Structure formats: C-alpha cells, structure tokens
Amino acid sequence: MLVGGAIAGELKPPQWILLVGDLGAGKTTFAKGLIGGLGSAPADEVLSPTFSLIHEYDGPPKVYHIDLYRLDRVPELETLGLDDMWDEPAVVLIEWGEKFADQFPDEVMRIEIRDLGGDEREVVIRNEVNA
C-alpha cells in the first residue's frame with residue numbers, strides 16, 4: 001500500500017494504469033494505497049472488483065478500478081464501455097490489463113508487481129506508448 005500511496009501525488013488525470021502481476025502479488029493492495037493516496041476513497045473501503053469487474057470512486061479525482069482476470073476475449077471487454085472513459089479526467093486502474101493492452105489508449109503507465117516472498121515485493125513503474 002505504501003508505494004501506491006507514494007505515487008498517487010504524481011498522477012495527473014486522465015491517467016490509465018495497467019497493474020500487472022501474478023495472482024496474489026499484491027495488485028489490489030497496491031490499488032488500495034493508490035486510491036487512498038489520491039483521496040478518492042479510504043483505503044479500507046477499496047475492494048477487489050474481480051466479480052463486479054469495475055468499481056467507481058467519485059473522488060476527486062474520479063477513479064475506475066477494473067479487474068479483467070475473468071475476461072478472455074475482446075468482445076467481453078467491449079461490453080464494459082471502457083472507451084467511454086478515454087476522455088474523462090479520471091484515473092483508470094486496470095488489474096490484469098496486460099491481457100488486453102492493445103485495447104487501451106496509446107499512453108499508459110505499466111506497474112509490475114513481483115512477489116519476492118514474505119512481505120517483500122518488487123515494483124517496476126514505466127510509462128509506455130503503444131504505436
């Protein structure tokens with residue numbers, strides 16, 4: 001949660017973030033810190049959107065927390081209406097976003113979380129431009 005909260009102050013909406021990592025790596029914990037750090041919702045109220053697919057936090061700033069774990073095909077993704085979010089002044093945080101990376105805006109932040117064992121994680125943050 002600490003790293004998520006630390007980078008929150010650096011974000012300027014609109015911002016799309018692909019949150020990448022194995023199951024149990026800490027993606028939702030990172031999201032709690034980020035959303036809490038933005039002031040969009042208290043961290044303890046941020047839950048995984050695995051079954052609802054999208055949680056919306058009104059903020060400001062508005063945050064969409066999306067989990068694509070259960071989706072496998074682009075037609076399933078298209079039913080979520082993500083393209084309606086492209087021009088919104090919001091932070092769009094997508095767990096398992098790497099599954100559909102070519103379906104998102106050209107400029108995204110990719111945050112990879114690796115579980116190093118115990119409570120240790122490695123977090124790699126980079127901005128990507130898809131051409």
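Because the structure is predicted, anything quoted here is derived from the model rather than measured.

A. The sheet that holds strand E6 (residues 120-129), seen in detail. Strand order in the open sheet formed by six strands is E2-E3-E4-E1-E5-E6, with mixed pairing between adjacent strands. Across the chains shown, the open sheet's two edge strands, defined by having one partner strand only, are strand E2 (54-57) and E6. With direction set aside, neighbouring strand axes in the sheet form an average angle of 15°. Here five bridges tie strand E1 (residues 15-20) to strand E4 (residues 90-95), and the two strands are oriented parallel to one another. Note that in E4 the partner of tryptophan 16 across the bridge is valine 92.

B. The side chain of glutamate 112, seen in detail. Looking at the secondary structure, you find glutamate 112 in strand E5 (residues 107-117). Within the structure, glutamate 112 has its side chain in polar contact with the side chain of arginine 114 (distance 3.2 Å). Discounting chain neighbours no more than four positions away, the residues touching glutamate 112 are Val20, Glu122, Val123, Val124 and Arg126.

Conventions adopted
Residues numbered from 1 in each chain as written. Predicted model: local features only at pLDDT ≥ 70, side-chain atom pairs only at ≥ 80, totals over all residues. Heavy atoms only, no water. Pairing = 2+ DSSP bridges. Helix = DSSP H or I, 4+ residues; strand = E, 2+ residues; numbered from the N terminus. Axes fitted to C-alpha atoms, helices over the stretch in contact; angles between N-to-C directions. Polar contact = N/O pair within 3.5 Å; in protein donor to acceptor, adjacent residues only side chain to side chain. Contact = heavy atoms within 4.5 Å.

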